[in-house]
Amino acid sequence: MTTTTTGTTKAVGTAHTRVEGRDKVTGAARYAGEIPFAELAHGWLVLSTVTRGRVRSVGAAAVLEMPGVLAVLHHGNAPRVDLDYVGVLGMRPDPTVAVFQHDRVPHAGWPVALVVAETSEQAREAAEALVVRYEEEPHDVTFSGEHPEAYTLPGPAGPAVTGKGDLEAELAASAVVLDAEYSTPEEHHNSMEPHAATALWDGGRLEVVDSNQGTGWIAGELANLFSLDPASVRVRSEHVGGGFGSKGVRAHQVAAVMAATVLSRPVRVVMTRRQLFSLAGHRSPTTQRVRLGADAEGRLRALEHTCLSRTSTVHEFIESGAGVARVLYDAPAHHTSNRVVRLDVPSPTFMRAPGEAPGSFALESALDELAEKCGIDPIELRARNEPEVGPVSGLPFSTRSLPACFREGARRFGWADRDPRPGLRRDGRWLLGTGTAAASFGAGAMASTAAATAEADGTFTVRINAADIGTGARTALTLVAADALGVPTDRVRVRIGDSDFGPAMIAGGSMGTRSWAWAVTAAAEELRERLAPGDGIPPEGVTVRSDTTAAVEALAQTERHSYGAQFAEVAVDVTTGEVRVRRMLGIFAAGRIVNPLTARGQFTGGMIWGISMALHEEAVRDRNTGALYGADLAGYHVATNADVPLVEADWVDDPDPGDPVGIKGIGEIGIVGATAAIANAVWHATGVRHRSLPIRPDRVLAAGAHA
């Protein structure tokens, strides 16, 4: 069969169903917790029942007599690990992953033991029977904006504090001033697929089958933790049922490796839904203050955005809520800061649109309040404050299509027909309102490698250590590779999720598909050139490998972002306090859209999460116990099908002339600004401003309404 390429295929930009879709709906696609292994043993984590203190004793002897129990690992007998390193992502490891290394308990739900048995049922029964005694100490889990021990901390994407201009002088000279405080609660990822890992040793090599957001990331961290040669660790993760930032290095993977080492047989550890609430990370609550000063025409003279979040006593992680203000708006006096306070709680982590999601709620609510004070339409106010360059960086924008998003969104949403006065529209017992907000999320790229092979049957195999966490990345890369090779998509097979494929960007920061597509394009285009007719190269068995390190480093320094305009219509029942979102529209500018079908799903998925964040999600800690109330999907409310109305997403043309692949991230932009658009719509419906999320019925009733 000939492998001559045609150059006529154009797959990118056309809708394609997922290449693995049939396998997923028929059950042929196996997830980490489903793959069989010979002599597989099962581990069950035992978590602390106190919030702070020390483990006095672990009653392992009695449990070891129970049927099927093989081992009980705890701080007295577990293998030692090393935490003195800087990880793959340039961060020091969270000590939470160093399980069973000491007798200290820093928060409720801390891992204190692992029970391993022949079956998961035996492991669970024994784990529940294990008696652990503690020496309890006083704890502090109370988060407030006035905590005396708060301090500034840089975030993954920028400094702790930025500032220019005389803030107080510009505020004093402003015709209109807004000074408001906003808050968001603790929130949790709760991906559909639980965290699961199976570890085994094969010929002196550690193999881990896991559900994660980057196998190279996990392999590197495990090699560091256990002081192994990186080449002796292989991690595979073919199918992932959601991650949202939570599926990095976690306690269950480390525990599985420990048990497999001790028992010399495969061991699987799967977290329960309740365990995820203390071991899989979460979004920290925030308290944010926004001060805005504007002239009579609504042009900003002063902008201050401060954000306080919470971290654990064992690991520093900051929710950089003030970061979004560094991109969206400028002012002669422009100040932002991110602070954090240590409490006796589990370590927070990245959660979809970290920083931008809660930060945009505060900033975009404040812009709406400023528009009301100025008597200016909220969209017009934003248009008058479009920056020419990055407000903090001073760099030019690669593209800045936010105004285009607002123009198209306003046209499709019917914004021109909106009466700006609140509390006037009714539908029976419901008050109706509409709101809007801006969205922005960084569009970065990281170096990656890929390999493309011409097979004997005329097909092509692309190997890249990408992670498809439900976004459709595998399908997007198939389309990219097909176009680069100039062949139909059915002649391309993309293999992902194997650390042996070489270094590549993780699925995170909305940088995955852009980074991977760059590497895939480079490899596929070179392979196509080598297989050109008449060059004398055999048409099969040729492999080309790419590395985009130099190209990424040479990329021009600009402010490169995806943008969006969010619109929402809500109905508020003032007799019950119920808020219903009736329709949402998001118009985005996100570079080249590879697969419109899955892209639209990504956008609307983020917007639906915005509904959940605005009206439902709230994890509440008991001050006395330090633990969560209702650490499950019955007590932690999320939006369900009945809560999701007409949600539409579309995009404007947003080419980036300085980018070789033209792709920007779409995984996180959908949630940014969505909560503010809903909150602004609730104000328009009722005339009452809600500055704390979620907007629960009791809060609506307590606040009342002007109508």
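Just so it is clear, the model here is predicted, and its values are computed rather than measured. (Residues numbered from 1 in each chain as written. Predicted model: local features only at pLDDT ≥ 70, side-chain atom pairs only at ≥ 80, totals over all residues. Heavy atoms only, no water.)

Enquirer: I keep staring at empty space enclosed by the protein and nothing clicks. Help me out?
Expert: Unfilled space is identified by rolling a water-sized probe across the atoms. Evaluated as defined, the whole model comprises five cavities of 30 Å³ or more. Its boundaries defined by the atoms lining it, the largest cavity holds a volume of some 300 Å³. Taken together, 21 residues make up the lining of the largest cavity; nearest its centre are Met91, Arg92, Asp94, Trp217 and His315. Looking at the lining of the largest cavity residue by residue, the class counts come to eleven nonpolar, six polar and four charged. Estimated volume of the second largest cavity: approximately 80 Å³. Split into classes, the residues belonging to the lining of the second largest cavity amount to five nonpolar, five polar and two charged. (1 Å grid on protein atoms, 1.4 Å probe; cavity = no way out; pocket = protein on both sides within 12 Å on 5 of 7 lines; lining within 4 Å. Points joined across faces, edges and corners; volume = space filled by probe spheres on them. Nonpolar A, V, L, I, M, F, W, Y, C, P; charged D, E, K, R; others polar.)

Enquirer: I keep staring at the sheet that holds strand β17 (residues 425-427) and nothing clicks. Help me out?
Expert: Paired through backbone hydrogen bonds, the strands of a sheet run either parallel or antiparallel to each other. Ordered in space as β17-β18-β23-β24-β25, the five strands form an open sheet in which the pairing is mixed. For this open sheet the edge positions go to β17 and β25 (646-651), each flanked by a neighbour on one side alone. On average, adjacent strands in this sheet sit at an angle of 25 degrees to one another, irrespective of strand direction. Summarising the sheet, β17 and strand β18 (residues 430-442) pair through three bridges and their orientation is antiparallel. Within β18, the residue paired with Arg425 across the bridge is Leu432. Against the sheet, helix α11 (residues 402-413) touches β18, β23 (561-573), β24 (579-589) and β25, its axis set at about 30 degrees to β23. (Pairing = 2+ DSSP bridges. Helix = DSSP H or I, 4+ residues; strand = E, 2+ residues; numbered from the N terminus. Axes fitted to C-alpha atoms, helices over the stretch in contact; angles between N-to-C directions. Contact = heavy atoms within 4.5 Å.)

Enquirer: Explain the packing of aromatic side chains here, please?
Expert: Per the stated rule, a full pass over the model turns up nine aromatic pairs. Centre to centre, the rings of Phe277 and Tyr636 are 5.7 Å apart; their planes meet at 75 degrees, and the pair counts as edge-to-face. Highlighted residues: Phe277 in helix α7 (residues 273-279) and Tyr636 in the loop between α15 (596-615) and β25, separated in sequence by 359 residues. Judged on exposure class, the residue Phe277 and its partner Tyr636 are both buried. By way of ring pairs, the aromatic residues Phe406, Phe413, Trp415 and Phe567 are connected into one cluster. Above the face of the Phe397 ring, Arg400 is positioned so that its terminal group lies 4.8 Å from the ring centre. Cation over ring: Arg583 sits above Phe413, and NZ or CZ is 3.8 Å from the ring centre. (Phe/Tyr/Trp six-rings, centres within 6.5 Å; stacked < 30°, edge-to-face > 60°. Buried < 20%, exposed > 50% of the residue type's maximum accessible area, 1.4 Å probe, protein only. Lys NZ or Arg CZ within 6 Å of the ring centre and 35° of its normal.)

Enquirer: What is the right way to read the sheet that holds strand β22 (residues 542-547) from this model?
Expert: Strand order across the open sheet formed by four strands is β21-β20-β19-β22, with mixed pairing between neighbours. The open sheet has two free edges, formed respectively by β21 (492-495) and β22, since each of these has just one partner strand. For this sheet, the mean inter-axis angle between neighbouring strands, taken without regard to orientation, is 15 degrees. Pairing between strand β20 (residues 460-463) and β21: four bridges, direction parallel. Note that in β21 the partner of Phe460 across the bridge is Val492.

Enquirer: Help me out: how do you make sense of unusual backbone geometry in this one?
Expert: Peptide bonds are, in most cases, trans, and in most cases residues other than glycine have a negative phi. Across the junction of Leu693 and Pro694, the peptide omega takes the value -5 degrees, indicating a cis bond. Along the polypeptide, Pro694 turns up in the loop between α16 (674-686) and α17 (697-703). Of note in the backbone geometry, Phe244 takes a positive phi value of approximately 60 degrees without being a glycine. With respect to the secondary-structure elements, Phe244 resides in the loop between β12 (233-236) and α6 (251-263). According to the relative accessible area criterion, Phe244 is partly exposed, its value standing at 26%. Phi at Ser264 is positive, roughly 55 degrees, even though this residue is not glycine.

Enquirer: Before we go on, may I ask you to explain the pairing of strand β3 (residues 69-73) in this structure?
Expert: In regular strands, side chains alternate between the two faces of the sheet. Burial analysis of β3 places four of its five residues in the buried class, the great majority of the element. The pairing of β3 with strand β5 (residues 111-117) spans four bridges and is classified as antiparallel. What sits directly across from Val69, in β5, is Ala117.

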